[in-house]
Structure formats: C-alpha cells, structure tokens
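Letter by letter, the chains look like this.
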Amino acid sequence: MSSNTDAIRDLAQQEYKWGFVTNVSEDRIPKGLNEDVIRLISAKKSEPEFMLDWRLKAYRHWETLEKSHAEPKWANVHYSPIDYQDMIYYAAPKQKPNLQSLDDVDPEILRTYEKLGIPLQEQKMLAGVAVDAVFDSVSVGTTFKAKLAEAGVIFCSFSEAVQKHPELVRKYLGTVVPYTDNFFATLNSAVFSDGSFVYVPKGVRCPMELSTYFRINAAETGQFERTLIVADEGASVSYLEGCTAPIRDENQLHAAVVELIALGDAQIKYSTVQNWYPGDKNGKGGIYNFVTKRGACRGKNSKISWTQVETGSAITWKYPSCILQGDNSVGEFYSVALTNNYQQADTGTKMIHIGKNTRSTIVSKGISAGHGQNTYRGQVKIMKEATGARNYTQCDSLLIGEQCGAHTFPYIEVKNATARMEHEASTSKIGEDQLFYLRQRGLKTEDAVSMIVNGFCKRVFRELPMEFAVEAQKLLSVSLEGSVG
Amino acid sequence: MSLLDIKDLRVTVDDHEILKGLNLQLKPGEVHSIMGPNGSGKSTLAQVLARRETFTVTGGQVQFNGKDLLAMKPEEAACEGVFLAFQYPVEIPGIGNAYFLRSALNAIRKYRGQDEMDAMDFLPMLREKMKLLEMDEKYLNRSVNEGFSGGEKKRNEILQMAMLEPKLAILDETDSGLDIDALRIVAAGVNAMRSPDRAILVVTHYQRLLHYIVPDRVHVLVDGRIERSGGPELALQLEETGYAAIEAAARGASRG
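Just so you know, these numbers come straight off a predicted model, no measurement behind them.

So, how was this worked out
- Residues numbered from 1 in each chain as written.
- Chains lettered and ligands numbered in written order.
- Predicted model: local features only at pLDDT ≥ 70, side-chain atom pairs only at ≥ 80, totals over all residues.
- Heavy atoms only, no water.
- Helix = DSSP H or I, 4+ residues; strand = E, 2+ residues; numbered from the N terminus.
- Rg over C-alpha atoms; globule rule 2.2 N^0.38 Å.
- Buried < 20%, exposed > 50% of the residue type's maximum accessible area, 1.4 Å probe, protein only.
- Areas by Shrake-Rupley, 256 points an atom, 1.4 Å probe, with all protein chains shown as cover.
- Lys, Arg positive; Asp, Glu negative; His and termini not counted.
- Charge placed at Lys NZ, Arg CZ, Asp CG, Glu CD.
- Contact = heavy atoms within 4.5 Å.
- Buried area = accessible area lost by both parts, 1.4 Å probe.
- Salt bridge = Lys/Arg side-chain N within 4 Å of Asp/Glu carboxyl O.
- Polar contact = N/O pair within 3.5 Å; in protein donor to acceptor, adjacent residues only side chain to side chain.
- Pairing = 2+ DSSP bridges.
- Axes fitted to C-alpha atoms, helices over the stretch in contact; angles between N-to-C directions.
- Disulfide = S-S within 2.5 Å.
- Core = buried A, V, L, I, M, F, W, Y, C linked by side-chain atoms within 4.5 Å.
- Parallel < 35°, antiparallel > 145°, perpendicular 65-115°, else oblique.
- Left-handed = near helix turned anticlockwise from the far one by under 90°.
- Nonpolar A, V, L, I, M, F, W, Y, C, P; charged D, E, K, R; others polar.

(A) Local environment of the overall build of chain B. Across its full length, chain B carries 9 helices and 12 strands. In summary, chain B has a C-alpha radius of gyration of 18 Å against a globular reference of 18 Å for 256 residues, a match within 12%. Across the 256 residues of chain B, 55% fall into the buried class. Summed over its atoms, the accessible surface of chain B is roughly 11,200 Å², and 47% of this surface lies on carbon and sulfur atoms. For chain B, the distance from the average site of its 31 positive side-chain charges to the average site of its 37 negative ones is 1 Å.

(B) Quick peek at the overall build of chain A. A count of helices and strands for chain A gives 11 helices and 23 strands. Per-residue burial for chain A yields a buried fraction of 64% across its 485 residues. Partitioning the intrachain contacts of chain A with sequence separation of at least 6 by distance along the chain shows that 84% fall at a separation of at least 24. Accessible surface, chain A: about 18,100 Å² in total, of which carbon and sulfur atoms supply 49%.

(C) Representation of the environment of A:Ser236 within the structure. All names here are of chain A. Summarising the element assignment, Ser-236 is placed in strand S9 (residues 236-244). Spatially, the C-alpha atom of Ser-236 lies 4.6 Å from that of Gln-267, the residues being 31 residues apart in sequence. The contacts of Ser-236, once residues within four sequence positions are left out, are Val-200, Val-204, Arg-205, Cys-206 and Gln-267.

(D) Geometry of the interface of chain B and chain A. Taken together, the 34 residues of chain B in the interface contact 20 residues of chain A. Counting the surface lost from both chain B and chain A, the interface buries some 2,200 Å², and carbon and sulfur atoms represent 61% of this. Looking only at chain B, the three residues that lose the most surface to chain A are B:Arg52, B:Glu53 and B:Glu75, adding up to 24% of its buried area. Across the contact surface, chain B and chain A share 4 salt bridges. With a closest N to O distance of 2.7 Å, A:Glu432 and B:Arg52 form a salt bridge. For the pair chain B and chain A, the number of links is 13 residue pairs in polar contact (both at pLDDT 80 or more).

(E) Looking closely at the sheet that holds strand S6 (residues 82-85) of chain B. Residues and elements named next belong to chain B. What the 6 strands build is an open sheet, ordered S6-S9-S10-S3-S11-S12; its pairing is mixed. Whereas interior strands pair on both sides, the edge strands pair on one side only; in this sheet they are S6 and strand S12 (225-230). The mean inter-strand angle of the sheet, taken between neighbouring strand axes irrespective of direction, is 20 degrees. Strand direction decides the pairing type here: strand S3 (residues 31-35) and strand S10 (residues 199-204), joined by 5 bridges, are parallel. If you follow Val-31 over to S10, its bridge partner there is Ile-200. Contacting S3, strand S11 (217-222) and S12, helix H8 (residues 233-241) crosses the sheet at an angle of about 110 degrees to S12.

(F) Fine view of unusual backbone geometry. Its identity is not glycine, yet A:Asn301 carries a phi of approximately 60 degrees, on the positive side. Topologically, A:Asn301 is positioned in the loop between strand S13 (286-297) and strand S14 (303-310). Not every positive phi belongs to a glycine, and B:Asp223 is a case in point at roughly 50 degrees. Its place among the elements puts B:Asp223 in the loop between S11 and S12. The class of B:Asp223 is partly exposed, set by a relative accessible area of 43%.

(G) Layout of the state of the cysteines. Residue and element names in this part refer to chain A. For the structure shown, the criterion picks out 0 disulfides over all chains. Of the cysteine sulfurs around Cys-206, a residue in no disulfide, the closest is that of Cys-156, at 13 Å. Among the cysteines around Cys-395, which has no disulfide bond, Cys-457 carries the closest sulfur, lying 13 Å off.

(H) Here's a closer look at the pairing of S13(A). Residue and element names in this part refer to chain A. Burial of S13 is extensive: 12 of the 12 residues sit out of reach of the surface. Relative to S13, strand S10 (residues 251-254) runs parallel, the two sharing 4 bridges. Considered in S13, the bridge of Asn-251 is made with Gly-286. When S13 meets strand S15 (residues 315-318), the two strands line up parallel, connected through 4 bridges.

(I) Structural detail: helix H1 (residues 42-49) of chain B. Residues and elements named next belong to chain B. Counting buried residues along H1, 8 of its 8 residues qualify, which places the element largely inside the surrounding structure. Taken together, the buried positions of H1 are Lys-42, Ser-43, Thr-44, Leu-45, Ala-46, Gln-47, Val-48 and Leu-49. Just downstream of H1 lies Arg-51, where phi reads positive at about 75 degrees.

(J) Summary view of the environment of A:Ala469. Residues and elements named next belong to chain A. Relative to the elements of secondary structure, Ala-469 occurs in helix H11 (residues 466-479). A relative accessible area of 13% means that Ala-469 is categorised as buried. Taking the C-alpha atoms as reference points, Ala-469 and Ile-354, separated by 115 residues in sequence, lie 33 Å from one another. Ignoring sequence-local partners within four residues, the contact set of Ala-469 consists of Phe-461 and Leu-464.

(K) Region of interest: the nonpolar core. Counting 65 residues, the largest nonpolar core has A:Ile367, A:Val453 and B:Leu9 as the members making the most contacts within it. At 9 residues, the largest contribution of residues to this core is made by helix H10 (residues 445-461) of chain A. Apart from the residues within four sequence positions on either side, B:Leu9 is in contact with B:Leu19, B:Lys20, B:Gly21, B:Leu22, B:Leu45, B:Val48, B:Val57, B:Gly59, B:Gly60, B:Val62 and B:Leu70. In terms of nonpolar packing, the next biggest core, distinct from the first, is built from 55 residues, A:Leu33, A:Ile41, A:Tyr90 and A:Ala255 among them.

(L) Quick look at the packing of helix H3 (residues 97-111) of chain B against helix H4 (residues 119-132) of chain B. All names here are of chain B. Where H3 contacts H4, the two axes come as close as 11 Å, and the packing angle between them is 110 degrees. When the axes of H3 and H4 are compared, the pair comes out roughly perpendicular. For H3 against H4, the interelement crossing comes out right-handed. Across the interface between the two elements, Ala-98, Leu-101, Arg-102 and Leu-105 from H3 touch Ala-119, Phe-122, Leu-123 and Leu-126 from H4. Tallied by class, residues from the contact of H3 with H4 come to 7 nonpolar, no polar and 1 charged.

(M) Representation of the side chain of A:Asn182 within the structure. Residues and elements named next belong to chain A. Tracing the backbone through its elements, the reader meets Asn-182 in the loop between helix H7 (166-172) and helix H8 (183-191). Accessibility expressed as a relative area gives 16% for Asn-182, which makes it buried. Here Thr-292 takes part through its side chain, which lies 3.0 Å from a polar atom of the side chain of Asn-182. When residues no more than four places from it in sequence are discounted, the contact partners of Asn-182 are Thr-292 and Trp-317.

Put into structure tokens, the structure is as follows:
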C-alpha cells in the first residue's frame, strides 16, 4: 500500500492555480463596522432610501445578535473567533463612474478574468453563456445584455437593478431570506455591496445560460454579495456561479445570500462551482464561505434545482434549500463537496414541503481526503397540509486515507401520514482492491484515484450544464492534492 | 528463451510464508496450469506476478520478457504485458465499461509510445470481441462490474484480456462461479487468445476448466512449492485421486 499512498500524496502537487493578485488601484473604506459604514456603502451606490432603511434595520438587528453571541455554533466546523471590526466592508477597483460598455473596464481586470478562463469580450466567450463579473465589492461588467434584453430578460448587477428596477428589488428582496434569518444573512443584508440580479418575465425561456463569476482580490476585505433571481409564471432560467480568490495567509470572510423565486410553472436551475482559495496544505489561510441560499417554489408546478460542486474554501457552511409552497412543486439538490488537507465543510439542504404532491430529491456526495472533515446536514420537513409529498435522499461519503472524516446528520420531520420518504446512505473508502484493479489494467495511481472519484460523483456532474461538467471533473482531480496523509 | 522465469520465489503475508521457493518457466505460445488445494499459494502467485503490493517478496527472482518483474509497479507490469483475470473482479461505480477499457488501452499504448486510440476505432473492435464472448451491448455503458452476475464479471475479465492483448495472461480461478454454458463461452474466449507469442497461466482448483482449455503443462502447487509437474494427463489423474497423495508425499519429503 505504501507506494499507493505516496503516489496519491504526490497526486497533483499542483498549486492553487487561481491564487494570483491583480494590481489595480482600489477604492477602499477603512476597517470596521458601524452605522456610518452602512450609510457610506449605501451612499457610494446612490441607493434609494428604502435600501438604506433595510440595511440599517439589518445592521441594528445584527448588533443585537453579535452582543448575544448568536453567531451559529451548531455546525461541525471549528475556527477562531472572527473579529468583525478588523475587516474592510467595501473595496472596489477605481473606474470610470459610469461604465457604458466593457471597453471601459480596466484592462488589468479584463486580463484577470481572461487568466481565470472567463474572457469577458463577447466574441471570445463561450457561445450561449452570459456572464456578470463581480470583482471584490462590485460588478465590473455584464455580457450579452442586449441579446437578453430582446427576450425581456433582465440580467445585471444588483446595484444596477436597485437603480433601474427598484420596484422589482423592493417586491422580492428579503422575501425568501429575511434580514433576520441568521447571523451571516443579517450581516450580509447590512453590508452587501453587489451581486447579480435576474428577472425572467412571464412565459420566457431564457435564451442562454447566465453566469456570475465572483473574484475576491483585495486583502483584508470581506465579500458580501447578494443574488436575487425571479422567474415569473411559466419562465425558465439556468444560472451558474463560479468563484476564486488569491492565496493569502489570513482567512477572509465570504458571506453571501442567494434568493430564488419561482412562480407558477416556472423553473430555476442554479449551479455552483465553488473554488475559493482553500488554504495551504497545513490549513493556513483560505476563505470562510458562510452562505445562505434558499429558493421558494411559490407557484403550482414550479421547480428549483440546486447543483453544487464545492472544492474550495477553508470552511464551507451552506445549505441551499427549497421551500415547496406551490402544489406539485419540485425541489432538487445535487452536491459534490470535497475536503482535502485541513478543509472543513458542513453542507446539505433543507426541503420544506408545504404544497400538495410536492416532490424533492437530494443527492449528496461527500469526499474527504487528507485531514479534511466533511459533514452532510439535511432537513426534510413535510408539513401537515402537504398531502402526497415525496422525498428521495441519497447521501454517500467517500474517504481517501486514514485521517479524514465523514459525518452525516439527516433530520426528517413528517406531519402528514401520506408522505413517502426514502433515505439511502453509504460510506466507502477508496480501497486498495479498487486501486490495484485499475493499476493492473495499466492506469497510474493518480489516474485511478481520479477515475474512482469521478465515477462516485457522476450522478451530480450529470446535472451540470455540459461545458461546466468537464471543468468540474478537472477541478476535482486538481483539488485532490496530497490526498493521503 | 522463457517469457516468464521464476526462480526460488519466496513470499510472505503478515510474516506468514506462503510461497516457499517456487520455480516455474513459461515460453511464449505455452499454456500452463497451476493446480492445488486451497491455501497452497495459487492466488498469491497470481497476484505477486501482477505486482500486488500487499505481499512481501523475501527471496528469489522473476524475469519477465528479460526484465526484472519484481522491480515493477502494477501499472508497469500491465504496460509490459502482464494481465491478471481477477478471481473477484472489482466494481467501479459510475465509470462506463467501454470508457474504462479505452482508458486502460490508451494508458498501455501511451507507455509503448503508440498513438491513443479514438472512440471511432475502438468501439468496432470492442463490439467484435463482445460478440465472441456473447456479451450483450448493454455492457458497453454499464458501470464496470456493477450489478454484473458472477458469470458476467468473469466474461468481462476475458473481454478486457482480449482488448488489451497481453504477452502473459494469468487466469485466477476464472472457472469459479461459472455455470457450464458460461464456462464454455469463457474457455472459447481464452482459446481464441492462444497464440505463438503469448503465454497463458491458468490457476484453478478444479480440473473441469481444463477440459475446455487444454494446457501444455500442469503443475501441482502444495504448501508454497511446485511438488509435481506433468502433461494434461496429470490433471485427469488428480481428478481421480485428489491432492491428498501429493500433499502426504510433500509432508514426508519435508520431514525427511
């Protein structure tokens, strides 16, 4: 076994490839958090009063939470206390006040996205994918806006939506994740600086994939973005987000909120490839990824599907969830979470069945390597009125090496006797017998490990838009750096 | 010259000596059978030749095609042309059979400095071999060995052997778990692989497989050593008498 172990350890001693820093002059506000900071952020964005009021309410609520030490402690993750005053809440690259087109974007930033494999010039882009690029606290550009506008689809930065479509923002903001929801969501509501906004009008099938690429660049800052996607009656949209950050010794906080709203017969597919800097092999540095994501299936026959591939971040804490209000609505959650070295992940989903004949599917694949700790936490709740509800949960863990851990906490609460629940769970190790079998057929150990892991994740990769499924597979092999310790 | 030359091979598992000075030579074109009672070291021999690392070689040499086999990793031995048909083939969930086989074939071709084979060339070849083994096309895309019956797994092993075209094929108890029809199909697949530049080593407890795959030489392995060798008639004789007589003789010899 020893040479297997060594080879796995050597596997992809590849560095985190996205760890560079872009040299741009930044507009940063001083460290610390107080009401003035909230006002300053709001003023920088020339926000209407309702936004500032909302932020201030959130901030005041957060203050009480912080005083009562209400930061969530129930997750199976461990980190030193975060000093919320020792952090910058707004940093933006200096640019012309009003960007007319992508030509106005700082070439250094355009080069950054090119280096990340996300060229923003439309002619170079993946055909059929529109991108919103968020750099630190602000959106620096959104592509294919004109084409989308033809179909009536609004896809822009959150700041722009606040300016141009305040009525939509006001109608839907905080209706799925209220500012009182939890410590990190409350903090986000107070200080969020940008993010993406999508509105797909009645009966419109969005003509292309939408995608947001989040990049943290500035040091000592937190990133707090907020995404709101509304699919009106009969509309459908597929949205993908990606994220990376430079290599730094300090931990950086990323506390985002995503709200999805699907009205009658609408469908939203939301895919994430999360690749924030995970820290080094000794667990130094990395992003704290504390994210609240929730979707509401408000109308009949609506559907929300979450797919996530989580390979980055020092700590991941997120539970993309579905509230199935409309009758016959469908919620799905497909997840691959990989923890290597000293990464920790506590992730899963909540499926709340309220409407009749609502259905949900949960497929979670956790991979632990090195000293990684991987926790699945899921809740399926069938309310009293939810006659005929169904849930299928499959929850598998794969262990690579001896020092990692996998943990599973499924919570099931059924208040209607007609519910049908299925739960399958498994834990397996990449066995010496599997590796020997593949090597006996000529495959090198690292290729054998990659093959086993990709096979394990296949059910989830199938749900990703095709262009990204290939990327996700590659990312997984790179992230298996030093797998067995 | 021998393709495989084993001299005084000694192997232990957890400090327990399994092979105690084993000698064996195979020339290209030959089919040899290793027979013996349970626990005599047959499977250990098969796996050591395929370079499984859970075994410790404590003595002896093994030359394969003029190279030191014991210095090779499993994937090197495979790329040099050693193939093991497993007694218990392993399942690889989520990986399609055809994809897996093409990856293996291309890994070997790459090692040998040949161009990788694309799906257009590969699939017709695979379909043809599957026909020979009377395997349904559905096995092309099903996950490797997952949900296969015992017989299907063994057929899949022979399919892999046919695709990878090894210089030395080792069949470890390939007959176990096969009904008579499957046995015949598997044997036909193996016989189709007989060729002047290939050697085949058939490891089996029972004689019945050797009705279909007739070996040039039969060796009886008892307590880690080859105690008797002969032509195919030796297998028939063992069917009559069992291993007891040879085991008793071996015990007598080691006492004396």
